[in-house]
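Chains, contacts and geometry: an overview
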Amino acid sequence: MKLDPRTKMVMVICLSCLALIYNTPGRLLLVLAITLVLLLIFRFDPSAVWGYLKPFLSLMLILFVIQCIFSPGGNVLLAVGPVPLVTDNGLLIGGSVVLRIIVVIAAAMLLTTFSSRDFILGLVQWKVPYEVAFMVFIALRFLPIFREEAINVITAIQLRGIELKKVPWGQKIAIYRQLFFPLIYGMMQKAQQLAVSMEARGFRAYPRRTYIRRLNFNLADYVVMLFFSAATLIFIFLQIT
Amino acid sequence: MSAVNAGKFIEEMTQAKGEWQSFLEKLRDTGKTIIAVEHDLEAVAFSDRLMVLEGGKPVAYLELRQVAFSYPRKMKPALTGINLNFEKEEITAITGPNGCGKTTLTKLMIGVLQATEGEIYLAGCPLTDYSLAEIGSKIGYVFQKPDLLLFCSTVAEEIGFGLTNRGRGCNPETVQKRIKFYLDYFELTGYRNDFPLHLSQGEKERLAIAAVLANEPEFLILDEPTIGLDAYRKKLLENYLKKIARLGRGMILVSHDAPFVNRLAERVVTMADGRIQGCNERKGNDGYEA
């Protein structure tokens, strides 16, 4: 299905809003299912979402455990003496937090079904200043670059003959701590190089920008946008009341 | 043979194997050289050097059999039908136009990419049996972009990283000695405490090579090692590579630098469009036999 990038952006916003407003695993699972179906419709392999989720697995696990332990109420499932450790309510809230992250990441994958040029064009046609649109795009672009950079460093370490899996935890933490600063600094250096390269190519040299192409909404775009916005507003209203 | 007899037979064989191994170990302790012909890898696990034979011929150190590779979402394969053998004591150059698959081929050899078809063997075992770190401890790899190899806070740390963190780590004195040697040899002493990514392209290249060489791998793969090096530094690198080649450590050079390749390589493999186009033996190259 061919839709305007702006329509897809509205869909992502709606799905993310629903993920944030819902706090039960059942409803969040439903939003996740809708997101995966949309990814299929736009020819994005839903199984590829797993690859994007992997780096967040440890974060999700930590959040799940924290929510499980610190969410009050419900039946106690595990207790240490008089202190309740895990409750059924905690499990539900922990599960919801994890599902919320998965939905937001999966929904963001819809943004990859069109080109970055269209993304900027879409925002600019919505009267977002070009500088801001470009900044948002660069920020999005840097996330995978940061991930790639981290993977490169891990690969380079292993290629120096260091079996990270077999390294004791103390040494492993020391290695990662040692690498953290260079990794961040390397990224900042890349950002600086990008800024110089943009300036060198005349970024913001003229006050008015022109575009060869323009994005146009068609009937399907209006229908989908209206449907998603209305449905989201209704669901939010129902959830609040 | 009944189940009871089979069990007894296996027990006796295991005992005999243990006795045979301890006999060999005792013999080795006397300083004798032992050449053992064995089909059981477990039994020769303690050997210093292993030569694997197949069909009467020694198995190459690095062997590619009918290797093909395609990048995801690309219609055209990056590599097709690659059959190559690399000996441990040999310097091979891989040349070819941009985009013909040279770097992809080397990345397959170190396990950073996985072949979509065919098999790659390292020292007689499938490459997939090794972890990336095991491959890294055997093969030193210098990326085309040296930035990919540099991740420490200082130049000295970068050279000593592998030595300090590998296995039980080297003794600190040896580490400092080697760091000093490589800093001096690659003329990086003045940058000892500098941040590696602040160096110039040529300096980064020298540092990446020094960091890999400091680990003393059995085999080297250098992807465009002369990029950014001036004539003098190129000569220094060439001399060092000749020196380690004389010590029996082979290497693969991926390079467009024809004079450099001609002076070093014993064999030149030419690639085009993801295939091997030719293999030019240059045995007897007096460049590094002198």
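Presented here is a report on the structure given in the accompanying data block. None of these values were measured; they are calculated from a predicted model. (Residues numbered from 1 in each chain as written. Chains lettered and ligands numbered in written order. Predicted model: local features only at pLDDT ≥ 70, side-chain atom pairs only at ≥ 80, totals over all residues. Heavy atoms only, no water.)

Topic: the overall build of chain A
The test is simple: By definition, any uninterrupted DSSP run of H or I lasting at least four residues is a helix, any uninterrupted run of E lasting at least two residues is a strand, and each is numbered from the N terminus. Note on classification: 1.4 Å probe, protein chains only; a residue is buried when its accessible area is under 20% of the maximum for its type, exposed when over 50%, partly exposed between these limits. Whether two residues are in contact is decided by their heavy atoms, any of which lying within 4.5 Å being enough. Note on areas: Shrake-Rupley, 1.4 Å probe, and residue coverage restricted to the protein chains presented here.
Helix and strand counts for chain A come out as nine helices and two strands. When burial is assessed residue by residue, chain A has 39% of its 241 residues classed as buried. Considering only residue pairs separated by 6 or more positions, chain A has 68% of its internal contacts joining residues 24 or more positions apart. Of the accessible surface of chain A, which amounts to about 14900 Å², a share of 70% is contributed by carbon and sulfur atoms.

Side note on the interface of chain A and chain B
Our working rule: The term buried area denotes the loss of accessible surface (1.4 Å probe radius) that occurs when two parts are joined, taken as the sum for both partners. Definition used for salt bridges: Asp or Glu carboxyl oxygen within 4 Å of a side-chain nitrogen of Lys or Arg. Pairing of N or O atoms within 3.5 Å defines a polar contact, subject to two protein rules: one partner must be a possible hydrogen donor and the other a possible acceptor, and residues neighboring in sequence count only if both atoms are side-chain atoms.
With 20 residues of chain A at the interface, the matching set in chain B holds 27 residues. In this assembly, chain A packs against chain B so that about 2200 Å² is buried in total across both faces, 61% of it on carbon and sulfur atoms. At the boundary of chain A and chain B, one finds one salt bridge. Glu158(B) is the partner of Arg160(A) in a salt bridge, and the nearest nitrogen-oxygen pair spans 2.9 Å. Where chain A packs against chain B, one counts seven residue pairs in polar contact (both at pLDDT 80 or more). When residues of the side of chain A that touches chain B are traced back to their parent elements, those giving at least two are helix H7 (130-159) and helix H8 (169-200) of chain A.

Observations regarding empty space enclosed by the protein
Selection criterion: The rule is simple: put a 1 Å grid over the protein atoms alone, call a set of points where a 1.4 Å probe fits but cannot get out a cavity, call an open set with protein on both sides within 12 Å along at least five of seven lines a pocket, and count a residue as lining if it has an atom within 4 Å of a point. Grid points are joined across faces, edges and corners, and a volume is the space filled by probe spheres set on the points. Polar here means any residue outside two lists: the nonpolar Ala, Val, Leu, Ile, Met, Phe, Trp, Tyr, Cys and Pro, and the charged Asp, Glu, Lys and Arg; Gly therefore counts as polar.
Enumeration according to the criterion identifies one cavity of 30 Å³ or more in this entry. Looking at the largest cavity, its volume works out to about 60 Å³. Lining the largest cavity, in full, are Leu159(A), Arg160(A), Gly136(B), Ile139(B), Gly140(B), Tyr141(B), Leu149(B), Arg166(B), Val212(B), Asn215(B) and Pro217(B). In terms of residues, the lining of the largest cavity owes the most to one element, strand E8 (residues 139-142) of chain B, which gives three residues. Looking at side-chain class alone, the lining of the largest cavity contains six nonpolar, three polar and two charged residues.

Structural notes on the pattern of salt bridges
Scanning the model with the defined rule gives 18 salt bridges over all chains in all. With a closest N to O distance of 3.0 Å, Arg6(A) and Asp4(A) form a salt bridge. For Arg6(A), a relative accessible area of 4% gives the class buried. Note on Asp4(A): relative accessible area 5%, which makes it buried. Look at the salt bridges and you will find they share partners, linking Lys235(B), Glu238(B), Lys242(B) and Arg263(B) into a network.

Some remarks on a nonpolar patch on the surface
Residues and elements named next belong to chain A. Here is the rule we go by: A residue counts toward a patch only above 30% relative accessible area and without a salt bridge, and it is joined to like-charged neighbours within 9 Å or, for Val, Leu, Ile, Met, Phe, Trp and Tyr, to nonpolar neighbours within 5 Å.
Side chains of Leu61, Ile62, Val65, Ile66, Ile69 and Phe70 sit close together on the surface and give an oily, nonpolar patch of about 580 Å² of accessible area. On the secondary structure map, isoleucine 66 appears in helix H4 (residues 57-70). Judged by relative accessible area, isoleucine 66 falls into the partly exposed class, the value being 39%.

Let's talk about helix H9 (residues 219-240) of chain A
Residue and element names in this part refer to chain A. To keep it simple, the criterion reads: Take the number of residues in a helix, subtract one, and multiply by 1.5 Å to get its expected span. Directions pointing from the helix axis toward each C-beta atom define the arc.
The first and last C-alpha atoms of H9 sit 32 Å apart over 22 residues, in line with the 32 Å expected at 1.5 Å per residue. Within H9, burial applies to Asp221, Val224, Met225, Phe228, Ala231 and Thr232. Buried residues of H9, seen end-on, are gathered within an arc of 145° and therefore sit on one face of the element. Facing away from the buried side of H9 by over 90 degrees, the exposed positions are Leu219, Tyr222, Leu226, Phe227, Leu233, Phe237 and Leu238. For H9, the secondary structure elements touched by its buried residues are helix H1 (5-21) and helix H2 (25-41). Regarding H9, its N-cap is asparagine 218, as a side-chain oxygen of that residue lies 3.2 Å from the backbone nitrogen of alanine 220 further along.

Notes on the sheet that holds strand E11 (residues 267-272) of chain B
Residue and element names in this part refer to chain B. Definition in use: DSSP calls a pair of strands paired once it identifies at least 2 bridges connecting them. All axes are obtained by fitting lines to C-alpha atoms, using only the stretch in contact for helices, and the reported angles, taken between N-to-C directions, cover 0 to 180 degrees.
Taken in spatial order, the six strands make up an open sheet running E8-E9-E10-E5-E11-E12, and their pairing is mixed. With partners counted over all chains shown, the strands left at the sheet margins are E8 and strand E12 (275-281), one partner each. Along the sheet, successive strands turn relative to each other by an average axial angle of 15°, direction set aside. Here four bridges tie strand E5 (residues 91-95) to E11, and the two strands are oriented parallel to one another. Looking at the pairing, threonine 92 lines up with arginine 267 of E11.

A word on the sheet that holds strand E6 (residues 117-122) of chain B
Strand pairing within a sheet occurs via backbone hydrogen bonds; the two strands may be parallel or antiparallel. Residues and elements named next belong to chain B. The antiparallel open sheet is built from four strands, whose spatial order is E4-E3-E6-E7. A strand with exactly one partner marks an edge of an open sheet, and here the two such strands are strand E4 (79-86) and strand E7 (125-126). When E6 meets E7, the two strands line up antiparallel, connected through two bridges. Counterpart to tyrosine 121 in the pairing with E7 is proline 126.

So, the side chain of Thr92(B)
Residues and elements named next belong to chain B. Along the chain, the position of threonine 92 falls in strand E5. Polar side-chain contacts of threonine 92 include one of 3.3 Å to the side chain of glutamate 90. The residues contacting threonine 92, other than those within four sequence positions of it, are Phe86, Met251, Ile252, Leu253, Arg267 and Val269.

Structural notes on the environment of Glu63(B)
All names here are of chain B. Mapping glutamate 63 onto the fold places it in strand E3 (residues 62-69). Classification of glutamate 63 by relative accessible area gives buried; the value is 13%. When the C-alpha positions of glutamate 63 and isoleucine 82 are compared, they lie 9.9 Å apart, and in sequence the two are 19 residues distant. Setting aside its immediate chain neighbours within four residues, glutamate 63 contacts Leu84, Asn85, Glu119, Ile120 and Tyr121. Of note is the side chain of glutamate 63, whose polar atom sits 3.0 Å from the side chain of arginine 65.

Topic: the packing of aromatic side chains
All names here are of chain A. The cut-off we apply is this: Geometry of aromatic contacts follows a simple scheme: Phe, Tyr and Trp rings, the Trp one being its six-membered ring, pair when their centres are within 6.5 Å, and the pair is stacked under 30 degrees between planes, edge-to-face over 60, tilted otherwise. Counted as over-ring charges are cases with an Arg CZ or a Lys NZ within 6 Å of the ring centre that also lie within 35 degrees of the ring normal.
Across all of its chains, the model carries 21 aromatic pairs over all chains by this definition. Of the aromatic side chains, those joined through ring pairs into one cluster are Tyr130, Phe134, Phe137, Phe203 and Tyr211. Geometry around phenylalanine 217 places arginine 6 over its ring, the cationic atom sitting 4.0 Å from the centre. If you follow lysine 172 out to its NZ or CZ, it ends over the ring of tryptophan 169, 4.6 Å from the centre.

Some thoughts on helix H4 (residues 155-165) of chain B
Burial runs high along H4(B): nine of the 11 residues are buried. Those residues of H4(B) not exposed but buried are Val155(B), Ala156(B), Glu158(B), Ile159(B), Gly160(B), Phe161(B), Gly162(B), Leu163(B) and Asn165(B). Of the surrounding secondary structure, the elements contacted by the buried residues of H4(B) are H7 and H8 of chain A together with helix H5 (172-185) and helix H6 (201-213) of chain B.

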